[in-house]
Amino acid sequence: MKVFHDLQEWRRFKRTETLGFVPTMGALHDGHLSLIRRSQQENQRTLVSIFINPTQFNDPKDFQNYPQTLEQDLAKLQHIDYVLAPNAGQIYPHGYHYKVSEDKISNILEGAHRPGHFDGMLTVVLKLLNLARADRAYFGEKDFQQLQLVRGMAEDFFLDTEIVACPTVREADGLAMSSRNIRLQSREKAGLFPKLLKHPNARALLEEAGFEVDYIENWQGRTLGAVRLDNVRLIDNL
Ligand code: PAF
């Protein structure tokens, strides 16, 4: 495994094999590892990026509390080819002035509750896709709205990378895997979220169980939900 902290070094690096790309913000779990396995099956080489993107956090506390586990993450990536782990100064050398903004589906659901989140996410994903120059990039369906936006951006801006959707990976009790789960104090209760989300009366049942509900809505044939538990925000879709 070769780790690039310096983007210039990565950009000079020449490769000829097919490349699969898995962008992450670290705190790697089995969900990320399933994206990596899929990339390894479909490409000769795999690149993983680890970058906690400040511009996609609308809540500064969420950014401060986001798990930073680079050493443990690198230990989990010994079997992959390349890791890109730049700092914010390299990704935003001139600050955050040029932005990718979508003005239709990014205003609903997550976008309505997290102003600016999707601009930051799309901006960094465009930067990372341009840096990676990969044949395929892998995104989890847990972040369903993110996936649709990344797909739309890739099509609209004629990006050469194919965006591949991968199914949500769940814990034994059904909770969708997420880097934020390690901050949960009421971990057992969190397992109720996907179970109750299925229910026609989901909002009332979740509130009764002690969750704060941001939204539960049907969109593109799925039921999407976002809740808060122990000040940790959980999202899912079924
Ligand atoms: O899904 C994530 O972890 C992030 O939104 C992504 C795609 C790595 C961009 O920072």
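Residues numbered from 1 in each chain as written. Predicted model: local features only at pLDDT ≥ 70, side-chain atom pairs only at ≥ 80, totals over all residues. Heavy atoms only, no water.

Peer 1: Hey, could you go over the site of the ligand for me, with residue numbers and the actual values?
Peer 2: In the vicinity of the ligand, the residues found are Pro 23, Thr 24, Met 25, Gln 56, Met 121, Val 124, Val 125, Phe 139 and Gln 146. Between the ligand and Gln 56, the relevant distance is 2.7 Å, taken from an oxygen atom to a side-chain nitrogen or oxygen of the residue. At 2.7 Å, a side-chain N or O of Gln 146 approaches an oxygen atom of the ligand. Within the complex, the protein chains bury 88% of what would otherwise be the 290 Å² of accessible surface of the ligand. Residue assignment for the shell around the ligand shows that the elements contributing at least two residues are strand S2 (19-24) and helix H7 (117-132). (Near = heavy atom within 4 Å. Polar contact = N/O pair within 3.5 Å; in protein donor to acceptor, adjacent residues only side chain to side chain. Areas by Shrake-Rupley, 256 points an atom, 1.4 Å probe, with all protein chains shown as cover. Helix = DSSP H or I, 4+ residues; strand = E, 2+ residues; numbered from the N terminus.)

Peer 1: I'd like a description of the layout of surface pockets, backed by residues and values.
Peer 2: There is about 430 Å³ of room inside the second largest pocket. Taken together, 19 residues line the second largest pocket, and the ones lying closest to its centre are Gln 90, Ile 91, Pro 93, Lys 127 and Leu 131. It is H7 that provides the largest number of residues to the lining of the second largest pocket, a total of five residues. For the lining of the second largest pocket, the per-class residue count stands at eight nonpolar, seven polar and four charged. (1 Å grid on protein atoms, 1.4 Å probe; cavity = no way out; pocket = protein on both sides within 12 Å on 5 of 7 lines; lining within 4 Å. Points joined across faces, edges and corners; volume = space filled by probe spheres on them. Nonpolar A, V, L, I, M, F, W, Y, C, P; charged D, E, K, R; others polar.)

Peer 1: A description of helix H8 (residues 144-156) should follow, citing residues and the corresponding values.
Peer 2: With 13 residues, H8 extends 18 Å between its outermost C-alpha atoms, agreeing within 8% with the 18 Å of an ideal straight helix rising 1.5 Å per residue. Three or more residues of H8 are buried, namely Phe 144, Gln 145, Gln 146, Leu 147, Gln 148, Leu 149, Val 150, Met 153 and Ala 154. Just downstream of H8, Phe 158 is the residue with a positive phi angle, here 55 degrees. (Expected span 1.5 Å × (residues − 1). Buried < 20%, exposed > 50% of the residue type's maximum accessible area, 1.4 Å probe, protein only.)

Peer 1: I'd love a proper account of the nonpolar core, names of residues and values included.
Peer 2: Counting residues in each nonpolar core, the largest one holds 31 residues, and the members touching the most others are Trp 10, Phe 21, Leu 47, Ile 91, Val 125 and Ile 163. Listed by contribution, the elements that provide at least two residues to this core are helix H1 (7-12), S2, strand S4 (82-84), H7, strand S5 (136-140) and H8. Leave out the neighbours within four places in its chain, and Phe 21 touches Ser 39, Leu 47, Val 48, Ser 49, Leu 128, Leu 129, Ala 132, Ala 134, Arg 136, Ala 137 and Tyr 138. Among the nonpolar cores identified, the runner-up in size contains 15 residues, and Leu 33, Val 48, Leu 77 and Cys 166 belong to it. (Core = buried A, V, L, I, M, F, W, Y, C linked by side-chain atoms within 4.5 Å. Contact = heavy atoms within 4.5 Å.)

Peer 1: Describe the packing of H7 against H8, listing the residues and the values that go with them.
Peer 2: Running from N to C, H7 and H8 cross one another at 50 degrees; their axes reach a closest spacing of 11 Å. Here H8 runs oblique to H7, going by the angle between their axes. H7 and H8 meet at a crossing whose hand is right-handed. Within the contact between the two elements, H7 uses Phe 118, Met 121, Leu 122, Val 125, Leu 126 and Leu 129 and H8 uses Gln 145, Gln 146, Leu 149, Val 150 and Met 153. Partitioned by chemical class, the residues of the contact of H7 with H8 number nine nonpolar, two polar and no charged. (Axes fitted to C-alpha atoms, helices over the stretch in contact; angles between N-to-C directions. Parallel < 35°, antiparallel > 145°, perpendicular 65-115°, else oblique. Left-handed = near helix turned anticlockwise from the far one by under 90°.)

Peer 1: Break down the sheet that holds strand S9 (residues 232-237) for me, citing the residues and quoting the values.
Peer 2: To summarise the sheet geometry, strands pair through backbone hydrogen bonds and adopt either a parallel or an antiparallel arrangement. Here three strands make up an open sheet; going across it, the order is S7-S8-S9 and the pairing antiparallel. Of all the strands in the sheet, the pair left with one neighbour each is strand S7 (212-219) and S9. Taken over all neighbouring pairs, the strand axes of this sheet differ in orientation by 10 degrees on average, direction set aside. Where S7 and strand S8 (residues 222-229) come together, seven bridges link them in antiparallel fashion. Residue Glu 212 lies in a different strand from S8, and its bridge partner there is Arg 228. Across the sheet, H8 is in contact with S7, S8 and S9; its angle to S7 comes to roughly 50 degrees. (Pairing = 2+ DSSP bridges.)

Peer 1: I'd like a rundown of the sheet that holds strand S1 (residues 2-4), residues and numbers included.
Peer 2: An order of S1-S4-S3-S2-S5-S6 is seen for the six strands of this open sheet, with the pairing classed as parallel. The open sheet terminates on both sides in strands that have one partner only, identified here as S1 and strand S6 (162-166). Averaged over all neighbouring strand pairs, the angle between strand axes comes to 25 degrees, with direction disregarded. Alignment of S5 against S6, held across five bridges, turns out to be parallel. Its bridge partner being in S6, Gly 140 is matched across the sheet by Cys 166. Set on the sheet, H8 makes contact with S5 and S6; between it and S6 the angle comes to about 165 degrees.

Coordinates in, geometry out; function isn't part of it.
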